[in-house]
Amino acid sequence: MKRMDTRTIFHIDMDAFFASIEIAKNPSLKGKPVVVGGNPDQRGVVSTCTYEARAYGIHSAMPLFEAKKRCPHAIFLEGDYALYRAYAERITSIFQGFTERVEVVSIDEAYMDVSAIVSPFPSATALAEMIREKIKAEVNLTCSIGIASNKLVAKIASGLAKPNGVYEIPYGQEAAFLAPLPIQTLPGVGTKTQQHLNRDGFESIRDIQKVPLDTLFYHYGARGYHLFYESQGQDKRPVISEHQPPKSLGAEITFDRDIDLTPLLLENLERLTVKTHKRLLAHNMRTQGISIKLRYPNFRTITRSASLYTHTNNLITINNEVKKLFMASYGGGTPLRLIGVSLERLTDTYWQPVFWEY
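The rules behind these values
Each chain has its residues counted from 1, running along the sequence as written. Residues qualify for local features only when their pLDDT is at least 70, as the model is predicted, and side-chain atom pairs are given and counted only at 80 or more; totals for whole chains, interfaces and linings, by contrast, use all residues. The side-chain numbers reported here are obtained from all heavy atoms of the structure, hydrogens and water having been left aside. Comment: elements are numbered from the N terminus, with helices defined as DSSP H or I runs of at least four residues and strands as E runs of at least two. In this description the radius of gyration comes from C-alpha coordinates, and the expected globular size is given by 2.2 Å times residues to the power 0.38. Relative accessibility under 20% of the residue-type maximum defines a buried residue, over 50% an exposed one, and the middle range a partly exposed one, all with a 1.4 Å probe and only protein chains included. The axes are straight lines fitted to the C-alpha atoms, using for helices just the contacting stretch, and the angles between their N-to-C directions are given from 0 to 180°. By convention the crossing between two helices is left-handed if the near helix lies anticlockwise of the far one by an angle smaller than a right angle, and right-handed if it lies clockwise. In what follows, a contact means two residues having at least one pair of non-hydrogen atoms within 4.5 Å. Three classes are used: nonpolar for Ala, Val, Leu, Ile, Met, Phe, Trp, Tyr, Cys and Pro, charged for Asp, Glu, Lys and Arg, and polar for all others, with Gly counted as polar. Here the angle decides the label: under 35 degrees means roughly parallel, over 145 means roughly antiparallel, 65 to 115 means roughly perpendicular, and every other value means oblique. Polar contact is the term for a pair of N or O atoms within 3.5 Å; when the atoms are in protein, one must be able to donate a hydrogen and the other to accept it, and sequence-neighboring residues count only if both atoms are side-chain atoms. DSSP-based pairing: two strands are paired if at least 2 bridges between them are found. Salt bridges are identified by distance alone: a Lys or Arg side-chain nitrogen within 4 Å of an Asp or Glu carboxyl oxygen. Side-chain atoms within 4.5 Å are what join buried Ala, Val, Leu, Ile, Met, Phe, Trp, Tyr and Cys residues into a set we call a nonpolar core. How far a helix is expected to stretch is found by multiplying one less than its residue total by 1.5 Å. Comment: arc refers to directions from the helix axis out to C-beta atoms.

**Some thoughts on the overall build of the chain**
Right, on to step 1. Counting its secondary structure elements, the chain contains 13 helices and 12 strands.
Right, on to step 2. Here the C-alpha radius of gyration of the chain, 23 Å, is about what a compact globule of 358 residues would show, namely 21 Å.
Right, on to step 3. Dimensions of the chain, computed from the C-alpha atoms along their principal axes, are close to 60 × 55 × 45 Å.
Right, on to step 4. In the chain, buried positions account for 44% of the 358 residues.

Below you can see the structure in the form of structure tokens.
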């Protein structure tokens with residue numbers, strides 16, 4: 001029996017979003033391996049691709065040259081990101097036509113808390129189908145929807161519903177649903193964590209479910225704490241509407257050619273800092289955390305972070321800290337293909353200035 005206080009959360013994931021928009025614009029592409037990301041003979045990665053392209057092992061974030069190797073006859077498109085954003089705005093408006101409790105997490109996915117509106121419908125699945133039909137009718141695109149009592153399980157369910165489906169996990173069945181799935185299904189379990197867990201005898205989520213919390217915490221620390229509750233399908237995170245302030249702001253650039261000249265890298269880094277600072281001011285926020293990202297030609301990526309003494313929105317202070325962090329992290333000589341800057345630990349509340357802020 002479902003408790004009266006149980007939430008009903010939808011995770012909506014657009015199917016091959018960018019590629020699907022290109023097909024809607026040019027129907028002759030339907031049924032063909034389409035890759036959005038740019039010219040495969042130039043630098044870049046796959047933004048998204050059709051399911052026909054995925055059959056060749058192509059996936060998002062794969063280098064374009066690798067995608068071309070796997071499917072030489074694929075159709076490579078630069079992508080019209082202004083058009084994609086326009087579609088995303090129209091789709092978000094459809095969601096908001098049902099409920100204000102919509103959390104947009106990326107251009108092609110969102111959460112909806114439909115707890116307050118689901119009761120007039122025969123079922124949560126019926127409401128999800130209505131949303132899918134409205135999206136299809138208004139923008140001619142398909143999506144997959146996962147339904148559960150929390151965000152974690154709903155997101156996993158939407159992935160299993162792809163493409164163009166609905167998957168509902170009844171209240172109380174979260175742990176049973178997750179049990180047979182591989183451990184890498186859980187958020188945050190990447191390749192290295194998966195290998196570590198596999199070595200320790202964990203293959204499926206069921207294996208984690210059998211282990212007491214204190215044992216997992218002893219062996220894996222905070223990660224073990226999260227593994228325990230995630231494996232049980234427990235997640236208390238609320239759906240946060242778009243009106244909530246951002247948790248971080250950032251910008252990055254992938255160079256046309258690898259760069260190893262420190263002055264040129266610093267010049268680009270300052271441009272990224274200025275760009276991110278403008279966004280910080282636009283949100284009327286301040287930052288206390290700074291992070292940089294460096295990616296090498298072999299795609300090895302490192303991130304380095306630093307904390308400021310107090311929250312600030314002063315460009316000189318932020319820029320100096322970014323440069324200091326970069327110089328401490330990059331020894332020169334080795335070229336970089338990408339650099340990025342992020343401002344974190346943001347606040348829009350009252351702050352106490354110190355005498356050296358200006």
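**Quick notes on the packing of helix H10 (residues 213-220) against helix H11 (residues 222-231)**
Right, on to step 1. In the contact formed by H10 and H11, the axes pass within 6 Å of each other and the chain directions differ by 145 degrees. The two elements H10 and H11 meet at a crossing, and its hand is right-handed. Across the interface between the two elements, Leu213, Leu216, Phe217 and Tyr220 from H10 touch Ala222, Arg223, Gly224, Tyr225, Phe228 and Tyr229 from H11.
Right, on to step 2. Looking at the contact of H10 with H11 residue by residue, the classes come out as eight nonpolar, one polar and one charged.

**Description of the packing of helix H1 (residues 17-25) against helix H4 (residues 81-96)**
Right, on to step 1. One way to put it is that H1 packs onto H4 with a least axis distance of 10 Å and a crossing angle of 100 degrees. Here H4 runs roughly perpendicular to H1, going by the angle between their axes. In contact with Phe17, Phe18, Ile21, Glu22, Ala24 and Lys25 of H1, H4 contributes Tyr81, Leu83, Tyr84, Tyr87, Ala88 and Ile91.
Right, on to step 2. Among the residues making up the contact of H1 with H4, the classes are represented as 10 nonpolar, no polar and two charged.

**Concerning the side chain of Thr50**
Right, on to step 1. Examined against the element boundaries, Thr50 turns out to sit in the loop between strand E3 (48-49) and helix H2 (51-54).
Right, on to step 2. There is a polar contact of 3.0 Å between the side chain of Thr50 and the backbone oxygen of Lys32.
Right, on to step 3. The residues contacting Thr50, other than those within four sequence positions of it, are Ala16, Ala19, Ile23, Lys32, Pro33 and Val34.

**Comments concerning the pairing of strand E10 (residues 287-295)**
Right, on to step 1. Of all nine residues that make up E10, seven are buried, and the element is covered over most of its length.
Right, on to step 2. Where E10 lies against strand E11 (residues 301-312), eight bridges are found, and the strand directions are antiparallel. Bridging across to E11, Thr287 finds its partner in Thr312.
Right, on to step 3. Between the antiparallel neighbours E10 and E11 lie five residues, among them Phe299 with a positive phi of about 75 degrees.

**A look at the environment of Glu89**
Right, on to step 1. Considering the arrangement of structural elements, one finds Glu89 in helix H4.
Right, on to step 2. Measuring from C-alpha to C-alpha, the distance between Glu89 and Lys134 comes to 14 Å, with 45 residues separating the pair along the chain.

**A short note on the environment of Met14**
Right, on to step 1. Locating Met14 in the fold gives a position in strand E1 (residues 9-14).
Right, on to step 2. Taking the relative accessible area as the measure of exposure, Met14 reaches 5% and is therefore buried.
Right, on to step 3. Counting along the chain gives 127 residues from Met14 to Leu141, while the straight-line C-alpha distance between them is 7.7 Å.
Right, on to step 4. Excluding residues within four positions of it along the chain, Met14 makes contact with Ile91, Asp108, Ile135, Leu141, Thr142, Cys143 and Lys162.

**Structural notes on unusual backbone geometry**
Excluding glycine, residues mostly carry a negative phi; peptide bonds, for their part, are mostly trans.
Right, on to step 1. Along the chain, Lys162 connects to Pro163 via a cis peptide bond; the corresponding omega equals -10 degrees.
Right, on to step 2. Note that Pro163 resides in the loop between helix H6 (151-161) and strand E8 (166-168).
Right, on to step 3. A positive phi angle, near 55 degrees, is found at Asn284, a position not held by glycine.
Right, on to step 4. By secondary structure assignment, the location of Asn284 is in the loop between helix H12 (262-282) and E10.
Right, on to step 5. Here Arg345, not a glycine, exhibits a phi torsion of approximately 50 degrees, which is positive.
Right, on to step 6. Look at Arg345 and you get partly exposed, because its relative accessible area is 44%.

**Here's the deal with the pattern of salt bridges**
Right, on to step 1. Within this structure, the stated rule accounts for 16 salt bridges.
Right, on to step 2. In this structure, Arg70 engages Glu66 in a salt bridge whose closest nitrogen and oxygen atoms are separated by 2.9 Å. Here Arg70 pairs with Glu66, and both are found in helix H3 (residues 64-70), just four residues apart, close to one helical turn.
Right, on to step 3. Assessed through its relative accessible area of 22%, Glu66 is described here as partly exposed.
Right, on to step 4. A salt bridge links Arg271 to Glu267; the nearest nitrogen and oxygen atoms lie 2.7 Å apart. You can see Arg271 and its partner Glu267 sitting in helix H12, four residues apart, about one turn around the helix.

**Concerning the nonpolar core**
Right, on to step 1. Residues Phe10, Phe17, Phe95, Met112, Ile131 and Ile135 are the most contacted members of the largest nonpolar core, which totals 31 residues.
Right, on to step 2. Elements supplying a minimum of two residues to this core: E1, H1, H4, strand E6 (109-113), helix H5 (124-139) and strand E7 (143-148).
Right, on to step 3. Contacts of Phe95, omitting those with residues within four sequence positions, involve Ile12, Val102, Ala110, Met112, Ile131 and Ile135.

**Concerning H4**
An α-helical segment advances 3.6 residues per turn. Residues three or four places apart therefore align on the same side.
Right, on to step 1. The terminal C-alpha atoms of H4 lie 22 Å apart, and with 16 residues this matches the ideal 22 Å at 1.5 Å per residue to within 8%.
Right, on to step 2. Looking at H4, one finds that the buried residues are Tyr84, Tyr87, Ala88, Ile91, Thr92, Ile94 and Phe95. Down the axis of H4, the buried side of the element spans an arc of 150 degrees, and every buried residue falls inside it.
Right, on to step 3. Of the surrounding elements, those touching the buried residues of H4 are E1, H1, strand E2 (34-36), strand E5 (102-106), E6 and H5.

That is the geometry; function is a separate question.
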